[in-house]
Amino acid sequence: MKKNIVFACSSGIATSTVVAEKVREHCEQHGIDVDSRQATVGELSGLDDSVDLIVVTSDVGEGYKTPVVNALPILTGIGEQEVLDHIVSLLKG
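Here's a quick rundown of the structure.

Moving on: the overall build of the chain. In terms of helices and strands, the chain carries four helices and four strands. Overall, the chain shows an N-to-C arrangement of helices and strands of β-α-β-α-β-β-α-α. Against the 2.2 N^0.38 benchmark of 12 Å for 93 residues, the chain shows a C-alpha radius of gyration of 12 Å, consistent with a compact globule. For the chain, the spread of C-alpha atoms along the three principal axes comes to 30 × 25 × 20 Å. Counted over contacts in the chain with a minimum sequence separation of 6, partners at least 24 positions apart contribute 56%. Summed over all atoms, the accessible surface of the chain reaches about 5,000 Å², with 47% contributed by carbon and sulfur. When the 7 basic and 14 acidic side-chain charges of the chain are each reduced to a single mean position, those positions are 5 Å apart.

Right, dumping it as structure tokens:
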């Protein structure tokens, strides 16, 4: 199963890179092939409804058609497993 995920942070590089690596690895362990790209938070409205999931490291508000997951716990390590499992659940759902 191939899923498209956008990883977004303020710069589109720093924290989203760390999160993307962990999410891709976790998804792979659960049989999900991830096609990913990184973006800035400002680019999300143009990408909405064109991918399976948006994963962010900051609050982006509501109003997206695409499911959005705040992955800050992956950076802090507090609640990391729950967020990773939630992402797999959304992608398999």
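For the rest of this paragraph, the subject is helix 1 (residues 14-29). For helix 1, spanning 16 residues, the distance from its first C-alpha to its last is 24 Å, which sits close to the expected 22 Å at 1.5 Å a residue. Among the structural elements, strand 1 (2-9), strand 2 (33-40), strand 3 (53-56), helix 3 (72-76) and helix 4 (80-92) are those in contact with the buried residues of helix 1. Just past helix 1, the residue Gly 31 takes up positive phi, approximately 75°.

On to the pairing of strand 2. Here eight bridges tie strand 1 to strand 2, and the two strands are oriented parallel to one another. Across the sheet, residue Ile 5 finds its bridge partner in strand 2, namely Ser 36. Taking the sense of rotation as the criterion, the β-α-β connection linking strand 1, helix 1 and strand 2 turns out right-handed.

The subject of this paragraph is the packing of helix 1 against helix 4. Look at helix 1 against helix 4: their axes get within 10 Å of each other, and the N-to-C directions meet at 60°. Taken together, helix 1 and helix 4 sit at an angle that is classed as oblique. Along this stretch, helix 1 crosses helix 4, giving a crossing that reads as right-handed. Across the interface between the two elements, Lys 22, Val 23, His 26 and Cys 27 of helix 1 pack against Glu 80, Gln 81, Leu 84, Asp 85, Ile 87, Val 88 and Leu 91 of helix 4.

Glancing now at the side chain of Lys 3. Within the secondary structure, Lys 3 sits in strand 1. Buried within the structure, Lys 3 lacks any salt-bridge partner; Asp 52 is the closest side chain of opposite charge, at an N-O distance of 4.5 Å. Those residues in contact with Lys 3 that lie beyond four places of it in its chain are Ile 32, Asp 33, Val 34, Asp 35, Asp 52 and Leu 91.

Moving on: unusual backbone geometry. Positive phi, close to 70°, is recorded for Asp 49, a residue that is not glycine. Checked against the element boundaries, Asp 49 lands in the loop between helix 2 (44-47) and strand 3.

The rules behind the values
Residues numbered from 1 in each chain as written. Predicted model: local features only at pLDDT ≥ 70, side-chain atom pairs only at ≥ 80, totals over all residues. Heavy atoms only, no water. Helix = DSSP H or I, 4+ residues; strand = E, 2+ residues; numbered from the N terminus. Rg over C-alpha atoms; globule rule 2.2 N^0.38 Å. Contact = heavy atoms within 4.5 Å. Areas by Shrake-Rupley, 256 points an atom, 1.4 Å probe, with all protein chains shown as cover. Lys, Arg positive; Asp, Glu negative; His and termini not counted. Charge placed at Lys NZ, Arg CZ, Asp CG, Glu CD. Expected span 1.5 Å × (residues − 1). Pairing = 2+ DSSP bridges. Right-handed = clockwise from strand over helix to strand, strands pointing away. Axes fitted to C-alpha atoms, helices over the stretch in contact; angles between N-to-C directions. Parallel < 35°, antiparallel > 145°, perpendicular 65-115°, else oblique. Left-handed = near helix turned anticlockwise from the far one by under 90°. Buried < 20%, exposed > 50% of the residue type's maximum accessible area, 1.4 Å probe, protein only. Salt bridge = Lys/Arg side-chain N within 4 Å of Asp/Glu carboxyl O.

Function cannot be read off these values alone, since they describe shape.
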